[in-house]
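# Structure at a glance
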Amino acid sequence: MSSDKEDKPSNIEPVGATGSQGYGRTSVRRGQVWEEFHPHLRGKNALRIFREMDDNSPVLGAAHLIMESYITQAPWKVNEAKDSGPEGELYRDKIESMFDDMHTTRIGWLSDVISMIWAGHSYFETTYKLRRGPAAPEWMRSKHNDGLYGLADIEIRAQETIDSWKWDTGGRVVGAYQMAPPMGRLAYLPLDGTSEDGAPVQCVNFRTRNARGNPEGRSLYRNAYLPYWRWKRIEDFEGIGIERDMAGVLVQRVPPHLLSSGTAADNAAVERLRKFGERARRNEYESLVVASSEDRDGKTGYDTGLMQSGGRRPIDQDTVIKRLESRMALALCAEGVLLGSADTGSWALADSKTHTLAMVTSSVMRSIEGTINAVIIPRIMDANCWPIEVAPAVSFGDLENEDMVKLGGALSGLISSGATSAGPELDRWVRDRIGIPHESDVSPGELQERSQEVLAGEAATPEPQELVDDGMDEPQEAAAEAAIERGLSAEEAAKIAGVSPSVINAAIRRGQIPGAKVGRSNRVMSTDLREYMRGGRRG
């Protein structure tokens, strides 16, 4: 067996398939997914029903609104790649500026992404622009004039307009066909390729969950369908019942012979009435047919009148409606939206219910950021010929603030039991967790003294620092020096000088340290920082 690493691996070509063509997993007919076993929840009919549930149910609508508010208001951050240094920070700043430079606002397109809550998925087409400043033509117009390829827009392609999907021979989805006005024809929208007209197209598909290779995901409302369907019918019956109780029940009186005669015609009429009675329901068709009474001349005829209701209905529909609403909320773990609708409950229960909904929303957020980091950001890096190894990543912040009382109690118990010990790493973790600044490496008194000196422009000359042998050989030292000479961030320079980053930034503003603005952060050369530390301040 050859030991050459360039030999082709034995498992480079797949043997099985994802099953997206109906091979035991996702069933597909003419490009349309038929995964759902319920006949009413297949194809576009499912989208119509789920959209109706989203628009008509107060419980589901409230849960959707809460989840959308959570996601659109959550802290949004673009993080540089780990151990990428100043280069990674530069790419981070550029990527972040591109999401803020689209025609659609970030909150706007995130709201469209969140439509996958009821639809199961949301399909978008991405377009790009050459950033040539605010005065450039529309296809190059940007807040920035750096000549980079940035995002022009990430536009949704409405779920109801997606007609079918296209799979490759391995069972992977490669695109979608859209039928939307005013086109009047099917348009092919590949995930990454060319349209049928030869134009380059890139799309991205967000899904609530990636199960069984289904490009349509799974609506979060799926488990709420049956309680919604029953709730809808009972709500209709309740409204009709209230109307009938207020106006009365229609009573139709017919001649007695129609009910007592034995003729075939009369018997057929009675049979029709009997069947009508068997099908009678408390709805808009509710009525009674009885024999009319004789008048003073002994004659009978037809008469129409109203019979008042006898009182309360035998079924307490209010209890049934509340139970069905509770089940709809339970399907989304959103029972917190019902708190306060009854006289029972506690603050502890409310905290638990809202935390559960926040956890579900957080999982949706992780799905969104995973798709952005796996698809959109690598495409931007590739368009600008940037190395993928230093690609930044988008992340949402925590939805809920840390309970410092609970965290303090847990840490106290762990430390007292010897399970962990207090130290710098734990200190940094706690500060990040509760969102307070990190402690400086220098004492508070020394930091305050140095900060005042620099801000006043009268800083005293510190003693030059002696170079120490760090154990690196010459190639390592050369590589480290080359990395430093690309420029130090204010945070890195502050760590070397033993001061806070605000002191370095203030010194740069006063011209005491030569610096340059790169993205949103200041950069200084290590030689200028050494001159500053040795007393060669400018200004």
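This text follows the structure it describes.
Residues numbered from 1 in each chain as written. Predicted model: local features only at pLDDT ≥ 70, side-chain atom pairs only at ≥ 80, totals over all residues. Heavy atoms only, no water.

## As for the overall build of the chain
Threshold: The secondary structure listing takes helices from DSSP runs of H or I that are at least 4 residues long and strands from runs of E that are at least 2 residues long, numbered from the N terminus. Exposed residues in this analysis have more than 50% of their type's maximum accessible area, buried residues have under 20%, and partly exposed residues fall in between, with area computed by a 1.4 Å probe over protein chains only. Whether two residues touch is decided by their heavy atoms; if any such pair falls within 4.5 Å, the residues are in contact. Accessible surface is estimated by sampling points in the Shrake-Rupley manner with a 1.4 Å probe; for residues, cover comes only from the protein chains shown.
Helix and strand counts for the chain stand at 17 helices and 17 strands. Counting only residues that meet the buried cut, the chain has 35% of its 539 residues in that class. Counting only contacts in the chain whose residues sit at least 6 apart along the sequence, the fraction spanning at least 24 positions is 66%. With the model as given, the accessible surface of the chain reaches about 32300 Å², and the carbon-plus-sulfur share is 52%.

## Structural notes on helix 3 (residues 85-99)
Convention followed: To estimate the expected span of a helix, count its residues, drop one, and scale the result by 1.5 Å.
With 15 residues, helix 3 should reach 21 Å at 1.5 Å per residue; the first-to-last C-alpha distance of 22 Å fits that figure. Among the residues of helix 3, those classed as buried are Pro86, Gly88, Glu89, Tyr91, Arg92, Asp93, Ile95, Glu96, Ser97, Met98 and Phe99.

## Structural notes on the nonpolar core
Going by this rule: Residues belong to a common nonpolar core when they are buried Ala, Val, Leu, Ile, Met, Phe, Trp, Tyr or Cys residues joined through side-chain atoms within 4.5 Å.
In terms of nonpolar packing, the biggest core is built from 60 residues, with Phe99, Trp109, Phe206, Ile368 and Ile372 touching the most fellow members. In this structure, Phe99 is in contact with Trp76, Arg106, Trp109, Leu151, Ile372, Ile376, Ile377 and Val394, ignoring residues within four places of it in sequence. Counting 15 residues, the second-largest nonpolar core is a separate cluster that includes Ala490, Ala497, Val503 and Tyr532.

## Examining the packing of helix 15 (residues 490-497) against helix 16 (residues 501-509)
How we decide: Simply put, an axis is a line fit to the C-alpha atoms, just over the touching stretch for a helix, and the angle between two N-to-C directions goes from 0 to 180 degrees. Any angle that is under 35 degrees is reported as roughly parallel, and any over 145 degrees as roughly antiparallel; angles of 65 to 115 degrees are reported as roughly perpendicular and all others as oblique. Basically, the charged four are Asp, Glu, Lys and Arg, the nonpolar ten are Ala, Val, Leu, Ile, Met, Phe, Trp, Tyr, Cys and Pro, and anything else, Gly included, counts as polar.
Where helix 15 meets helix 16, the axes come as close as 8 Å, and the angle between the chain directions of the two elements is 110 degrees. Considering their axes alone, helix 15 and helix 16 lie roughly perpendicular with respect to each other. Where helix 15 approaches helix 16, its residues Ala490, Glu491, Ala493, Ala494 and Ala497 are matched on the opposing element by Pro501, Ile504 and Asn505. Class assignment of the residues belonging to the contact of helix 15 with helix 16 gives a composition of 6 nonpolar, 1 polar and 1 charged.

## Digging into the pairing of strand 7 (residues 173-179)
Worth spelling out the cut-off: A pair of strands is considered paired only if DSSP assigns at least 2 bridges between the two.
In terms of strand pairing, strand 6 (residues 162-167) meets strand 7 through 5 bridges, oriented antiparallel. For Ile162, the partnering residue across the bridge sits in strand 7 and is Gln178. Pairing analysis gives 5 bridges linking strand 7 to strand 8 (residues 186-190), with the strands arranged antiparallel. The residue of strand 8 that forms the bridge with Met179 is Leu186. Here strand 7 folds back onto strand 8 in antiparallel fashion, the turn holding 6 residues, of which Gly184 has a positive phi close to 75 degrees.

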